[in-house]
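# What the coordinates show
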Amino acid sequence: MFYREAGQFKTSYQADNQIFPIRQDRIGIAVVLLLAFFGVPLLASDYAFSAIFIPFLIFSLAALGLNILTGYAGQLSLGSAAFMAVGAFASYNFMLRIPGMPLLLAFVLGGLSAAAVGIAFGLPSLRIRGFYLAAATLATQFFVVWCLTKIQWFTNYSSSGVITAQEMVILGMSFNTPVKKYLLTLIVVCVLSVLAKNMIRSNVGRSWMAVRDMDVAAEVIGFRLMRTKLLAFAVSSFYCGIAGALYAYAYLGTVEPEAYNLDLSFRILFMIIIGGVGSVLGSFLGSAFIILLPVVLNLIAHGLSLPTNIASNLELMVFGALIIFFLIVEPHGLARLWQIAKEKLRLWPFPH
């Protein structure tokens, strides 16, 4: 069946093919959400929730925050763990010092505190860029951890510096089991992911990408560099702050500065490199890869009866090799590979 449009003939298959991918993506997202909310709680064990699913969601949120700053706004950052620490300690102190403080409001205020710190340390981005900006954000990592360690008010004057997080209670419901913690974390991550996706598609996201591609040209055509860059730092730090609060309350159960060290910042950076820079889906794929890879390598090491010294360094060697592989072969990471696979499956078995 043919019809005329703009002076050319098109088949109905070609016209519908532009609509079907959108519908298929929406159906795929709906299936994933149904599995996440109903399938996983019925099938997974408490160990799977505590060791895999909860950290996967938390790190996905932190990677999404870093992806907003690095992938979409083009501002390289090595201080993600510092902003997570600010969110965790701010949420703890809001809960501790304000009677009757709701948990979710404390998380939001912790995220806003992290956003304020992100804006303060994002000011150098107005004059420096690239590796110099990365060095400035690296200083943020050391400064924040030093403040949380030396200023005892943040840890409520704890002698060890390790404090137990308050119980998570929302509207009288206690989230004290792995399943309930998973569901709470899943809801928060889903809401913030939808907000991030809509923000990226809006004028704000287009301004970030314009500054990322060529900041001088973006300023010439009317984008305000200072507001655009600082907004990217604020939003990214807010997401990392929420992730840090969930990391302390839903995963660790404690609030301690050493949990937010430099290694965590590099791990989040590896997530967006492997998953895909400038991709919301890449944040989730990279987080899943980083969380599941040590489990798989541990099973392989035990199955092959490898020596302890080799097994302990196997994870680091594989991480390094994978980062080099993705930077050379596919800089857009797993998200791009997934997109290519979907396109081939849509055309299979008729590629022409």
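Residues numbered from 1 in each chain as written. Predicted model: local features only at pLDDT ≥ 70, side-chain atom pairs only at ≥ 80, totals over all residues. Heavy atoms only, no water.

### Some points on helix α7 (residues 178–201)
Our working rule: Numbering of helices and strands runs from the N terminus; a helix is a DSSP stretch of H or I covering at least four residues, while a strand is a stretch of E covering at least two. The length a helix should cover is 1.5 Å for every residue beyond the first. For every residue, the accessible area obtained with a 1.4 Å probe (protein chains only) is divided by the maximum for its type, and the residue is called buried under 20%, exposed over 50%, and partly exposed between those limits.
Relative to the 34 Å expected for 24 residues at 1.5 Å per residue, α7 spans 34 Å between its end C-alpha atoms, a close match to the ideal helical length. All of the buried residues along α7 are Tyr182, Leu184, Thr185, Leu186, Val188, Val189, Leu192, Ser193, Ala196 and Ile200.

### Here's the deal with the nonpolar core
Going by this rule: Buried Ala, Val, Leu, Ile, Met, Phe, Trp, Tyr and Cys residues that are joined via side-chain atoms within 4.5 Å together make up what is termed a nonpolar core. Contact definition: two residues touch when any of their heavy atoms are within 4.5 Å.
Met84, Tyr239, Tyr249 and Tyr260 are the most contacted members of the largest nonpolar core, which totals 87 residues. At 15 residues, helix α10 (residues 225–252) tops the list of elements feeding residues into this core. Ignoring anything within four residues of it in the chain, the contact list for Tyr260 reads Ala81, Met84, Ala85, Ala88, Gln141, Val145, Gly244, Tyr247 and Ala248.

### Description of the layout of surface pockets
In plain terms, the rule: Detection works on a 1 Å grid of protein atoms alone, calling trapped sets that fit a 1.4 Å probe cavities and calling open sets with protein on both sides within 12 Å along at least five of seven lines pockets, with lining residues defined by an atom within 4 Å of a point. Grid points are joined across faces, edges and corners, and a volume is the space filled by probe spheres set on the points. Classes in brief: Ala, Val, Leu, Ile, Met, Phe, Trp, Tyr, Cys and Pro nonpolar; Asp, Glu, Lys and Arg charged; the others, Gly included, polar.
Volume-wise, the largest pocket comes out at about 1,900 Å³. For the largest pocket, the lining is made up of 43 residues, of which Ile29, Val32, Val280, Leu281 and Phe284 are closest to its centre. The set of elements that each furnish at least two residues to the lining of the largest pocket consists of α2 (20–43), α3 (46–72), α7, α12 (280–304) and α14 (333–347). Here the lining of the largest pocket is built from residues that sort into 27 nonpolar, eight polar and eight charged.

### Regarding α3
When the terminal C-alpha atoms of α3 are compared, their 36 Å separation across 27 residues agrees well with the 39 Å that a helix rising 1.5 Å per residue should span. Summarising burial for α3: 20 of the 27 residues are buried, a large majority.

### Some thoughts on the confidence of the model for the protein chain
Caution applies to low-pLDDT parts of the model: their predicted coordinates are not meant to be read in detail. How we decide: Note: pLDDT gives the predictor's confidence per residue, expressed from 0 to 100.
On average, residues of the protein chain carry a pLDDT of 84, and 92% of them reach 70 or more. A low-confidence stretch, residues 1–20 stays under pLDDT 50, and its non-local contacts, those more than four residues away or across chains, total 15 contacts.

### Considerations on the side chain of Asn93
Rules: N or O atoms within 3.5 Å of each other form a polar contact, as long as, within protein, one can give a hydrogen and the other can take it, and as long as residues adjacent in sequence are counted only when both atoms are side-chain atoms.
Position of Asn93 relative to the elements: it lies in helix α4 (residues 80–97). One polar contact links the side chain of Asn93 to the main-chain carbonyl oxygen of Phe154, over a distance of 3.2 Å. Excluding anything up to four places from it in sequence, Asn93 contacts Ile98, Trp153 and Phe154.

### A short note on the side chain of Ser174
With respect to the secondary-structure elements, Ser174 resides in strand β5 (residues 173–174). At 2.3 Å, the side chain of Ser174 forms a polar contact with the side chain of Glu167.

### Focus on the pattern of salt bridges
Where we set the bar: The working definition used for a salt bridge is a side-chain nitrogen of Lys or Arg within 4 Å of a carboxyl oxygen of Asp or Glu.
Summed over the entire model, instances satisfying the criterion amount to two salt bridges. Across the pair Arg212 and Asp213 runs a salt bridge, and its minimum N-O distance is 3.1 Å. Overall, the relative accessible area of 33% leaves Arg212 in the partly exposed class. Given a relative accessible area of 56%, Asp213 falls into the exposed group. For Asp263, the salt bridge is made with Arg267, and the minimal N-O distance between the two is 3.7 Å. One end of the pair is Asp263 and the other is Arg267, both in helix α11 (residues 262–275) and four residues apart, which spans about a single turn. Asp263 gets classed as partly exposed once you look at its relative accessible area, which sits at 48%.

### Considerations on the environment of Ala44
The topology assignment puts Ala44 in the loop between α2 and α3. Sequence-wise, Ala44 and Val179 are 135 residues apart; in three dimensions their C-alpha atoms are separated by 9.0 Å. The contact partners of Ala44, leaving out residues within four places of it in the chain, are Phe49 and Phe53.

### Brief notes about the packing of aromatic side chains
Aromatic ring pairs are reported here in terms of the distance separating the ring centres and the angle at which the planes meet. In plain terms, the rule: Two aromatic rings from Phe, Tyr or Trp, using only the six-membered ring of Trp, form a pair when their centres are within 6.5 Å; if the ring planes differ by under 30 degrees the pair is stacked, by over 60 it is edge-to-face, and anything between is tilted.
For the coordinates displayed, the defined rule picks out 13 aromatic pairs. Between Phe121 and Phe143, the aromatic rings sit 5.9 Å apart at their centres with planes inclined by 50 degrees, giving tilted as the arrangement. Taken together, the positions of Phe121 in helix α5 (residues 103–122) and Phe143 in helix α6 (residues 131–150) put the pair 22 residues apart, joining distant regions of the chain.

### Let's talk about the environment of Ile29
Locating Ile29 in the fold gives a position in helix α2. Separated by 140 residues in the primary sequence, Ile29 and Val169 have C-alpha atoms spaced 29 Å apart.

### Considering the state of the cysteines
What counts is decided by this rule: By convention in this document, the label disulfide applies to cysteine sulfur atom pairs within 2.5 Å.
If you walk through the whole model with that rule in mind, you get zero disulfides. Cys240 supplies the cysteine sulfur nearest to Cys147, a cysteine that is in no disulfide, at a spacing of 18 Å. A relative accessible area of 14% places Cys147 in the buried class. Cysteine Cys190 remains unbridged, with the sulfur of Cys240 as its closest cysteine sulfur at 18 Å.

### Details of a nonpolar patch on the surface
Short version of the rule: To count toward a patch, a residue needs a relative accessible area above 30% and no salt bridge. Like charges then connect within 9 Å, nonpolar side chains (Val, Leu, Ile, Met, Phe, Trp, Tyr) within 5 Å. With residues, only the protein chains shown are counted as cover, and all accessible areas are computed by Shrake-Rupley using a 1.4 Å probe.
Judged by side-chain polarity, Leu292, Val296, Ile300, Leu304, Leu306, Ile310 and Met317 come together as a nonpolar surface patch covering roughly 600 Å² of accessible area. Contributions of two or more residues to the nonpolar patch are made by α12 and α13 (308–328). The element contributing the most residues to the nonpolar patch is α12, with four residues. Tracing the sequence through the fold places Leu306 in the loop between α12 and α13.

### A few points about the packing of α11 against α12
Using the following cut-off: Note on geometry: axes are C-alpha line fits, over the in-contact stretch for helices, and angles between N-to-C directions span 0 to 180 degrees. By definition, any crossing whose near helix is turned counterclockwise from its far helix by less than a right angle is left-handed, and any crossing with a clockwise turn is right-handed.
It is the contact of α11 with α12, at a shortest axis distance of 7 Å, that shows an interaxial angle of 115 degrees. In this structure, α11 meets α12 at a crossing whose hand is right-handed. Two secondary-structure elements touch here, α11 through Arg267, Phe270, Met271, Ile274 and Gly275 and α12 through Gly282, Leu285, Gly286, Ser287, Phe289 and Ile290.

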